[in-house]
Amino acid sequence: MEELNGKMLACQILVTGLIARVANEQRDPLRFLTDFRDEIRAVVKGVRIAGVDDADRVRQIAVQTVDELFSLMKPPSSDEQIGSSN
């Protein structure tokens, strides 16, 4: 399990670095990060989660993970609730 957690952490760092690099090449990096984060959150909220007892909890953790990745570059918007789903 520790190996899996290490690999996941490495992937998160890699993705964060790639996003940061692309954002830095944009004319308006902050707007890019905000728009990209919102798109990723929309995908997480819309994904069908099957085979688990508590899909809402899995979705909440996924949204929190997205927010953690982007918090390295920009804090999450205060107007969005983590537990809400469409």
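Our subject is the structure that appears above.
Please read these numbers as outputs of a predicted model, since none were measured by experiment.

A. Looking closely at the pattern of salt bridges. What the rule picks out here adds up to four salt bridges. The shortest N-O distance in the salt bridge between Glu-25 and Arg-21 comes to 3.6 Å. Residue class for Arg-21 comes out exposed when judged on its relative accessible area of 59%. Close ionic contact of Arg-31 with Asp-35 constitutes a salt bridge, the shortest N to O distance being 3.9 Å. With Arg-31 and Asp-35 both in helix 2 (residues 29-46) and four residues apart, the pair spans about one turn of that helix.

B. Region of the structure containing the nonpolar core. Counting eight residues, the largest nonpolar core consists of Ile-19, Ala-23, Leu-33, Val-44, Val-63, Val-66, Leu-69 and Phe-70. Those elements that provide at least two residues to this core are helix 1 (2-24), helix 2 and helix 3 (55-71). Considering each element in turn, this core owes the most residues, four residues, to helix 3. Every residue in contact with Leu-69, bar those within four places of it in the chain, is listed here: Gln-12 and Thr-16.

C. Quick look at the packing of aromatic side chains. All told, the structure shown has two aromatic pairs when counted by the stated rule. Considering the side-chain rings of Phe-32 and Phe-36, the 5.7 Å spacing of their centres and the 10° angle between planes classify their relative orientation as stacked. Here Phe-32 and its partner Phe-36 are both found in helix 2, four residues apart, which amounts to about one turn of the helix. Judged by relative accessible area, Phe-32 falls into the partly exposed class, the value being 23%. Their ring planes at 55° and their centres at 6.0 Å tell us that Phe-36 and Phe-70 sit as a pair that is tilted. Placement of the pair is Phe-36 in helix 2 and Phe-70 in helix 3, with a sequence separation of 34 residues. Note on Phe-70: relative accessible area 3%, which makes it buried. Among the aromatic side chains, those forming a connected cluster through ring pairs are Phe-32, Phe-36 and Phe-70.

D. Local environment of helix 2. Between its terminal C-alpha atoms helix 2 stretches 26 Å, which fits the 26 Å expected from 18 residues at 1.5 Å a residue. The secondary structure elements touched by the buried residues of helix 2 are helix 1 and helix 3.

Scoring rules and cut-offs
Residues numbered from 1 in each chain as written. Predicted model: local features only at pLDDT ≥ 70, side-chain atom pairs only at ≥ 80, totals over all residues. Heavy atoms only, no water. Salt bridge = Lys/Arg side-chain N within 4 Å of Asp/Glu carboxyl O. Buried < 20%, exposed > 50% of the residue type's maximum accessible area, 1.4 Å probe, protein only. Helix = DSSP H or I, 4+ residues; strand = E, 2+ residues; numbered from the N terminus. Core = buried A, V, L, I, M, F, W, Y, C linked by side-chain atoms within 4.5 Å. Contact = heavy atoms within 4.5 Å. Phe/Tyr/Trp six-rings, centres within 6.5 Å; stacked < 30°, edge-to-face > 60°. Expected span 1.5 Å × (residues − 1).

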